[in-house]
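# Fold and contact review
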Amino acid sequence: MNKPGNSGAAALAAISLPIEGMTCASCVGRVEAALGKVEGVGSVSVNLATERAEIRPAGALTQQALVEAVEKAGYSVPAATVELAVAGMTCASCVGRVEKALKAVPGVAEATVNLATERATIRGVAGTQELIEAVARAGYEAQPVDLGGQPEEEAAAKKDAERIALRRDLILATVLALPVFVLEMGSHMIPGMHEWVARTIGLQQSWYLQFVLTLLVLALPGRRFYQKGFPALFRLAPDMNSLVAVGTAAAFGYSVVATFAPGWLPAGTVNVYYEAAAVIVALILLGRYLEARAKGRTSEAIKRLVGLQAKVAHVRREGRVVDIPIGEVALGDVVELRPGERVPVDGEVIEGSSFVDESMITGEPVPVEKTAGSAVVGGTVNQKGALTLRATAVGGQTMLAQIIRLVEQAQGSKLPIQAVVDKVTLWFVPAVMLAALLTFLAWLVLGPSPALSFALVNAVAVLIIACPCAMGLATPTSIMVGTGRGAELGVLFRKGEALQLLKDAQVVAVDKTGTLTEGRPTLTDLEVADGFVRADVLARVAAVESRSEHPIARAIVDAASAEGLALPTLEAFESVTGMGVRAMAADVRVEVGADRYMRELGLDVGVFAQTAERLGSEGKSPLYAAVDGRLAAIIAVADPIKPSTPAAIEALHQLGLKVAMITGDNARTAQAIARQLGIDEVVAEVLPQGKVDAVRRLKAAHGRVAFVGDGINDAPALAEADVGLAIGTGTDVAVESADVVLMSGNLQGVPNAIALSKATIGNIRQNLFWAFAYNTALIPVAAGVLYPAWGVLLSPIFAAGAMAMSSVFVLANALRLRRFQPPLATAEAAR
């Protein structure tokens, strides 16, 4: 990815700026002059061919100043998308603060931050270095990510190192905290243990031991909370680490005073809470460790897609075959593919024949035959034959690379539902700290003796219980797992918001040609009269039609070719205007045309009346053939309905949706297909703008509309619909006008996409309910509202355990989407 304005680590490194609107050399001069006047600019070089300006700074310089200078000169700097990996975020409030810091940078048009992927996506004209510095001022670390993400090995190594460090700290914290817990809580819970500790160790010595062990817990495995929590607190931007740091420091500090300066405390309040501080750290580390493991599983779909890439290709170079890494394969290279191997790059078969398993792209389980001229897709699996192919797409241009990029974009996107969460969580931590302070004061003033002890314990419980980790993970983890599962089913969500909007669709509007149907005319009916042989009639008719380029004629010729028929020699071909065609085929006169042509020839088509009536009801226009002056056959050519279409329409009806067909085809054919498939509403004989108007009418009448088309002729309607779904054809994956791409090439993906949308949003709502309800319900309990009536208090230890488990619950619930089963199994739909 080009990152304009990335000044790198060096303060005076060159800045590269794209410029739009330059048309000639004088434009170049004006831009150079405008940039040269900006304070801090050393030298400027503007290139008209590349439409870029290279600026060498001579002092402090911001990219925004450069952009403003270009705009004042009458040109523009196009917005670019920068992706940053952000380290140090732990909860939803961190996300809010990073977003706020990025949006404050001049030149940023849009910024979204994702806690689950730990990525920030920024659109605008701000320089990368300025964005990184803004994140640093907010208290976090950021670094640029190349398009397509960090190398898989590097990202995986970083995550593994993080998990190993968490596991090490968790084990150490547990080993150190366990004796503290047993010594203190055991004295309260196990009869006679208090006396045993007093006789053997001594109560004061027991407190000294607890002090040492807890100090080690806080100073070693717990250090991470203080290193991040207190600086955030001092910046008046407290986060989850701040809550843990303040809570454990308060418990530990109070205990230290009770141990070494008990006279400072009021009578009756000399108690220690070492076990609370130590066990809280251990429990929160346990939650973090389980969270890190679960987060790793949320992106397994991407890992599986990356794993589908072949590592080596057998390429013909200088008369011999050499094995090279796929990254070195060039466009046009000739690649040999052996039985059982993965296809290394997208290509066209030039030699050999085989069957290729394309289920990873289309979801279709049946291998597809490949011969010379067939297209193959990188990552698919060759079966038993050997193939030679010419590379047509390599590197980031292959279909698999595009799919990975689309899934990553969707996983990093933010749903409309998340906007409410962001607003709440940004103020949540400060509100919790205020609640903890009020709890402390209320117990100190109104609580029973020892009031100070009660005040401290309950304030710490409020701080710990309310960490908003679950809130921050509720939405992005479900999006990651849902979009990943969609990719496995051949449903690619180009935009994350389509996940939310699709579930509310009331009507699915579909294009006919290429969506409901195969998209190319084929011979569907050929019925011969008595005394004629079908193969002979088809061969003679195909010979006559071979002189015509009309799609109907091509369909008849293709049918004869598919049946392996040899076409007879042709003479005296003639087109009869408005009637049909005639010629001599192997010295026999053949005439092909409509019923009026047969009547002109003096032939009675009544013998085929029943067949003609059936064809008319199916929206097909029959043709007739006469051989040697006798009526020989009735023929119909049509665009056949895809085998998967009826089951898909039925599945949409079962989901409670209306189905409308919008087509440019004639009304009779459209109505016939609608009757066959049970389609609820038909709009026929419309141009592309008419399709847009039809979508608008459906919206006004029924509500949200999802439109399904081929993504090319239907682009305006796809853009107008609430959600546009493009039938993926060939290797054209990134259909710009669609929100969702259906890789299977048939309508079966639509009910699957809608069902997945419903399941994902349902999962998000469960997560949000758990996160918000949990905090709403337990903060008052932690504050002690149940104590006056029932004498119930929430120990800080149980608060820490509950808080850690809430995040694990949210992640585990999101991971259930990996088991999502679509309403239409691909194999069933393909029958």
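An unreviewed UniProt entry lists the protein under the name P-type Cu(+) transporter, with Bordetella trematum as the source organism. Recorded in UniProt for the protein, the comment headed Subcellular location (unreviewed entry) runs: "Cell membrane".

## Regarding the environment of V334
Relative to the assigned elements, V334 resides in strand β10 (residues 334–337). Owing to a relative accessible area of 17%, V334 belongs among the buried residues under this scheme. With 18 residues separating them in the primary sequence, V334 and R316 have C-alpha atoms 5.6 Å apart. Setting aside residues no more than four positions away along its own chain, V334 makes contact with H314, V315, R316, I350, T388, L389 and R390.

## Quick look at the packing of helix α27 (residues 749–783) against helix α29 (residues 796–815)
Remark: α27 packs on α29, axes separated minimally by 9 Å, with the N-to-C direction vectors making an angle of 170°. Classed by the angle they form, the pair α27 and α29 counts as roughly antiparallel. Residues N763, Q766, N767, W770 and Y774 of α27 touch α29, and the partners they reach there are A799, A802, M803, S806, F809, V810, N813 and A814. A class-by-class count of the residues in the contact of α27 with α29 yields 8 nonpolar, 5 polar and no charged.

## Regarding the UniProt feature "domain: HMA" (unreviewed entry) in the protein
With numbering aligned to this structure, UniProt lists the feature "domain: HMA" (unreviewed entry) at residues 13–78 and 80–143. Taken end to end, residues 80–143 is 34% helix and 38% strand, and its first and last C-alpha atoms sit 16 Å apart.

## What to know about a nonpolar patch on the surface
Nonpolar side chains collect at one region of the surface, where L434, L437, L438, L441, L444, V445 and L446 lie side by side and expose about 710 Å² of accessible area between them. Residue placement: L434 occurs in helix α14 (residues 416–446).

## Points about the packing of aromatic side chains
Applying the stated criterion to the full structure yields 13 aromatic pairs. With centroids separated by 5.8 Å and ring planes inclined at 50°, the aromatic side chains of Y254 and Y273 adopt a geometry described as tilted. Pair noted here: Y254 is in helix α9 (residues 240–260) and Y273 is in the loop between α9 and α10 (274–298), with a separation of 19 residues, a long-range link. Just as Y254 is buried, Y273 falls in that class too. Where W770 meets F809, the ring centres are 4.4 Å apart and the plane angle is 35°; that geometry is what we call tilted. Of the two residues, W770 is situated in helix α27 and F809 in helix α29; the sequence distance between them amounts to 39 residues. For W770, a relative accessible area of 32% corresponds to the partly exposed category. Put simply, the rings of Y208, F211, F252, F260 and Y274 touch in pairs and so form one group of aromatic residues.

## Re α29
End to end, α29 covers 29 Å across 20 residues, agreeing with the expected 28 Å (1.5 Å per residue, within 8%). With 14 of 20 residues buried, α29 is to be regarded as a mostly interior element.

## So, helix α7 (residues 203–219)
When the terminal C-alpha atoms of α7 are compared, their 24 Å separation across 17 residues agrees well with the 24 Å that a helix rising 1.5 Å per residue should span. Residues S206, W207, Q210, F211, L213, T214, V217 and L218 constitute the buried set of α7.

## Some points on the pattern of salt bridges
In this structure the tally under the stated criterion is 24 salt bridges. One salt bridge in this structure joins R316 and E351, with 3.6 Å as the shortest N-O distance. Of this pair, R316 sits in strand β8 (residues 312–317) while E351 is found in strand β11 (residues 346–352), placing the two residues 35 residues apart along the sequence. Look at E351 and you get partly exposed, because its relative accessible area is 38%. We note a salt bridge from R704 to D504, for which the minimum N-O separation is 3.9 Å. One end of the pair, R704, is in the loop between α25 (688–702) and β27 (705–709); the other, D504, is in the loop between α17 (497–502) and β18 (507–510), and 200 residues separate them in sequence. With a relative accessible area of 32%, R704 lands in the partly exposed category. A residue is classified by how much of its surface remains accessible, and D504, at 26% relative accessible area, is partly exposed. Residues joined in a network through salt bridges with shared partners are K503, D504, R704 and D722.

## Side note on the sheet that holds strand β4 (residues 80–87)
As summarised here, the arrangement of the 4 strands in space is β5-β6-β4-β7, forming an open sheet in which the pairing is antiparallel. The sheet is open, and its two borders are formed by β5 (108–114) and β7 (141–144), each paired with just one other strand. For this sheet the average axis-to-axis angle between neighbouring strands, irrespective of direction, equals 25°. Strand direction decides the pairing type here: β4 and strand β6 (residues 119–124), joined by 6 bridges, are antiparallel. In the sheet register, A85 faces β6, and the bridge partner there is R119. Contacts from helix α3 (residues 92–103) reach β4, β5 and β6 within the one sheet, and its direction differs from that of β5 by about 165°. Contacting β4, β5, β6 and β7, helix α4 (residues 128–137) runs over the sheet at an angle of about 30° to β4.

About the cut-offs
- Every chain begins its residue count from 1, and numbering advances along the sequence as written.
- At least 70 in pLDDT is required for a residue's local features to be given in this predicted model, at least 80 for side-chain atom pairs to be given and counted, and no such filter applies to totals for whole chains, interfaces and linings, which use all residues.
- Derived side-chain values reflect all non-hydrogen atoms in the structure, with water molecules and hydrogen atoms excluded from consideration.
- UniProt positions are given in the numbering used here, feature names are shortened, and annotations may be inferred rather than shown by experiment.
- Numbered from the N terminus, helices here are DSSP runs of H or I no shorter than four residues, and strands are runs of E no shorter than two.
- Note on exposure labels: buried denotes an accessible area under 20% of the residue type's maximum, exposed denotes more than 50%, and partly exposed covers the range between, all computed with a 1.4 Å probe on protein chains only.
- Between two residues, a contact is recorded if the distance between any of their heavy atoms is within 4.5 Å.
- Lines are fitted to the C-alpha atoms to define the axes, a helix being fitted only along its stretch in contact, and any angle between axes, read from their N-to-C directions, falls within 0 to 180 degrees.
- Should an angle fall under 35 degrees it is called roughly parallel, over 145 degrees roughly antiparallel, and 65 to 115 degrees roughly perpendicular, with every other angle called oblique.
- Each residue is assigned to one class: nonpolar for Ala, Val, Leu, Ile, Met, Phe, Trp, Tyr, Cys and Pro, charged for Asp, Glu, Lys and Arg, and polar for all the others, Gly among them.
- Note that patches include only residues with greater than 30% relative accessible area and no salt bridge, and the join distances are 9 Å for like charges and 5 Å for nonpolar side chains (Val, Leu, Ile, Met, Phe, Trp, Tyr).
- Here the open area of atoms and residues is found with the Shrake-Rupley method and a 1.4 Å probe, where only the protein chains shown may cover a residue.
- The salt bridge definition used is simple: a Lys or Arg side-chain nitrogen within 4 Å of an Asp or Glu carboxyl oxygen.
- Classification of ring pairs rests on two measures: the distance between centres of Phe, Tyr or Trp rings, Trp counted by its six-membered ring, which must be within 6.5 Å, and the angle between planes, read as stacked under 30 degrees, edge-to-face over 60 and tilted in between.
- Every helix has an expected span of 1.5 Å times one less than the residues it contains.
- One bridge is not enough; two strands pair if DSSP finds at least two bridges between them.

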